[in-house]
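# Structural overview
One letter stands for each residue in the lines below.
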Number of protein chains: 2
Amino acid sequence: MVNIMGFDVGGVNIKGAFITHSSKTDFDIKICSKYHPMWLHNPEEFPKLLQEMITELAGDHLIELCGITLTAEVSDAYFTKKEGVTHILTTFSKIFPQIPKKIISIYNKFLSITEALEDYMAVASANWVATALFVGRKFPKCLLLDIGSTTTDIIPIADGIPDTIGKTDMDRLLNGELIYTGALRSTIPSIAHKVPIRGKICPISFEKFALIADVHLLLNHITADEYSCDTADGRQKTNQDALARLARIICADIELISESELYEIANYLYERQLDQIAEGLRQVLTSREDYDLTVPIVVTGLGRDFLAKKIAKKIGFQQIFDLQEKLGIKGAVASPAVAIALLLAEEYEAT
Amino acid sequence: MVNIMGFDVGGVNIKGAFITHSSKTDFDIKICSKYHPMWLHNPEEFPKLLQEMITELAGDHLIELCGITLTAEVSDAYFTKKEGVTHILTTFSKIFPQIPKKIISIYNKFLSITEALEDYMAVASANWVATALFVGRKFPKCLLLDIGSTTTDIIPIADGIPDTIGKTDMDRLLNGELIYTGALRSTIPSIAHKVPIRGKICPISFEKFALIADVHLLLNHITADEYSCDTADGRQKTNQDALARLARIICADIELISESELYEIANYLYERQLDQIAEGLRQVLTSREDYDLTVPIVVTGLGRDFLAKKIAKKIGFQQIFDLQEKLGIKGAVASPAVAIALLLAEEYEAT
């Protein structure tokens, strides 16, 4: 038996998992997620938050191993990725001075802190590798479509390991393997520059008046609880407030345009977001001969149902698997924090 | 002689002008502008800020009249426009209980506070009317192209008064008469969803990593002083920091892509912003028979040179006038705060 902590340090959410692992089929998982936009917080608050998460998850249990994935180095809390990786990893060194710490890399291998600091680009934004390796255990050949709150990963998996053309975020963006759109935080101008109103097409404001979370709340895709980021105007996660936010994107308010007109706008934005993700998926499919519509597509993340499954069906995939249903593990199973902890556990058991 | 205060209450900048007016050709102007994003401040701070501006501009001078234009009611500091107009105007009532207060309306007329509260949609976001009426004194038939920090107004003027098809912000957006793009605050995804890098086209992040102000700073269109809004990351208004911000839009940093690659991205975004404004201008031109390329186009605002003039030339206007040069009054002449004060002065002299 081994007790393992897994962390996925994002720029917006920090996720933690604590796993008590007896065997591949016998383990306990506790998870938590903290909303912590890095660029709004003093870097000093980061170690404190990690400590709180450790206490919340592990309590008095002895922790024997710690796995880490990160993407927060891309946030503008850091001037360069190097600065970000260094700050995040040295923080973990101070918090866990004694136990082994393993960071996932784009080479599908774990690195020590020393190795990761040396080759920081190998661990920068490599959290998708953890998820892909984990999914690859069950689906050795598939396309993984992971739609989270902020981004979408499209990851071809072959022989159980990720087989993307791009490895860095920029190269993954270029190859359609990373799409910077997600179920909650996407801004409206990143989805569309114009929306329909009264039979016309209206250009919109660039102000952060609303988020795609408002659209998905209005369309009953997410609950107020699942709306786990700040609202654009600091008001409530209610339909009424979401409608008011959406009205502002064309410089109107809820006294000037009707609820049904706002639902028309919400539906339009939803369609455009589906298009945006479908375009990336088509790019991945057409750029390689070894993946086609007969390959299983595995969907996960908060947007797995109303975005991922919908797109996979539209494009015509023949085998669509919901990772959560398939594995029978609760919601966050695809979270890199859980994935890295389980991967480490298996590696530990194998030695 | 009359002493007049003019205010333009924007959601981001509050501008004030104090005019000591002896005659149409003999007057003194003092102006100031305060960066005050309404949605980040407690509403209680607004009257305090106005008092400070009055002291700074008028000192011990007696104020006899106050002109007001507003757009801040569209900001999400207020739930509806009605709430915004009411809060802003009642604040002025408290600050100037004794003197006449005049608010410009979309009917090209001044309203009293009582009238404006009654017909709040007539004064909501009507600041462009003040500028247009003022410009119409000198150019009775023209197209006014006013590109500020945040928005672009395209206003056909006929017989000295604004002749737009739209009157509200939403209707002006629909008719190409208001474009929500400007010289400083535009977010990158509101300009383009993809940028060129290394011979490819890269989809971008939606995070507020950079602003169009970074592009215009890098291209020497504006000085660090003219970069009068907050930077996206809270860092400096230097070329080095602007380059770092721009690199983040494709999830890179300045160690991963070169300065010349970043200048290529900046130039691309500049071109797209020119296209965006030109599209609105063409829409206005093609939707009416009474304006063509022989009509004078009057450019003003911070973007008058590197955006407005450039677009006017490209489209083929034969007479392009820079309002500041033409009138020989300093920079902010086209600011609705100055315009409304001068309009009120003339009206006062005429009575």
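### So, the interface of chain A and chain B
- Each partner contributes residues to the interface: chain A has 56 residues there, and chain B has 57 residues.
- The tally of links between chain A and chain B comes to 4 salt bridges.
- Glu279 of chain A is paired through a salt bridge with Lys194 of chain B; the nearest N and O atoms lie 2.8 Å apart.
- At the junction of chain A and chain B, the tally comes to 23 residue pairs in polar contact (both at pLDDT 80 or more).
- Mapped onto the side of chain A that touches chain B, the elements with two or more residues apiece are helix H2 (81-95), helix H4 (120-123), helix H6 (169-174), strand S11 (194-197), strand S12 (200-203) and helix H8 (239-248) of chain A.
- Of the residues contributing to the side of chain A that touches chain B, the split by class is 29 nonpolar, 10 polar and 17 charged.

### Overview of unusual backbone geometry
Residues and elements named next belong to chain A.
- Positive phi, normally seen in glycine, also occurs at Asn108, with a value near 65°.
- Mapped onto the elements, Asn108 comes out in the loop between strand S5 (101-104) and strand S6 (110-111).
- Phi angles above zero are rare outside glycine, and Asn220 is one such case at about 60°.
- Relative to the elements of secondary structure, Asn220 occurs in the loop between helix H7 (212-218) and H8.

### Some details on the packing of aromatic side chains
- This model, assessed by the stated rule, comprises 8 aromatic pairs over all chains.
- Ring centres of Phe139 of chain B and Phe321 of chain B lie 5.2 Å apart, and the angle between their planes is 40°; this geometry places the pair in the tilted category. Separated by 182 residues along the polypeptide, Phe139 of chain B in the loop between helix H5 (127-138) and strand S7 (142-147) and Phe321 of chain B in strand S14 (residues 320-322) bring together distant segments of the chain.
- What makes Phe139 of chain B buried here is its relative accessible area of 7%.
- Taken together, Phe7, Phe46 and Phe92 of chain A form an aromatic cluster joined through their ring pairs.
- The side chain of Lys141 of chain A reaches across the aromatic face of Tyr291 of chain A, ending 4.4 Å from its centre.
- Here the basic side chain of Arg272 of chain B rests over the ring of Tyr268 of chain B, its NZ or CZ set 4.8 Å away from the ring centre.

### A few points about the sheet that holds strand S3 (residues 26-35) of chain A
Residues and elements named next belong to chain A.
- Here we have 6 strands laid out as an open sheet, ordered S3-S2-S1-S4-S5-S6, and mixed in their pairing. Unpaired on one side and paired on the other, S3 and S6 mark the two borders of the sheet.
- Where strand S1 (residues 2-9) lies against strand S2 (residues 13-23), 8 bridges are found, and the strand directions are antiparallel. Note that in S2 the partner of Ile4 across the bridge is Ile19.
- Taken strand by strand, helix H1 (residues 45-58) contacts S1, S2 and S3, and its axis lies near 35° from that of S2.
- Across the sheet, H2 touches S1, strand S4 (65-70) and S5, and the angle it forms with S4 is around 165°.

Reading the values: rules and limits
- Residues numbered from 1 in each chain as written.
- Chains lettered and ligands numbered in written order.
- Predicted model: local features only at pLDDT ≥ 70, side-chain atom pairs only at ≥ 80, totals over all residues.
- Heavy atoms only, no water.
- Contact = heavy atoms within 4.5 Å.
- Salt bridge = Lys/Arg side-chain N within 4 Å of Asp/Glu carboxyl O.
- Polar contact = N/O pair within 3.5 Å; in protein donor to acceptor, adjacent residues only side chain to side chain.
- Helix = DSSP H or I, 4+ residues; strand = E, 2+ residues; numbered from the N terminus.
- Nonpolar A, V, L, I, M, F, W, Y, C, P; charged D, E, K, R; others polar.
- Phe/Tyr/Trp six-rings, centres within 6.5 Å; stacked < 30°, edge-to-face > 60°.
- Buried < 20%, exposed > 50% of the residue type's maximum accessible area, 1.4 Å probe, protein only.
- Lys NZ or Arg CZ within 6 Å of the ring centre and 35° of its normal.
- Pairing = 2+ DSSP bridges.
- Axes fitted to C-alpha atoms, helices over the stretch in contact; angles between N-to-C directions.

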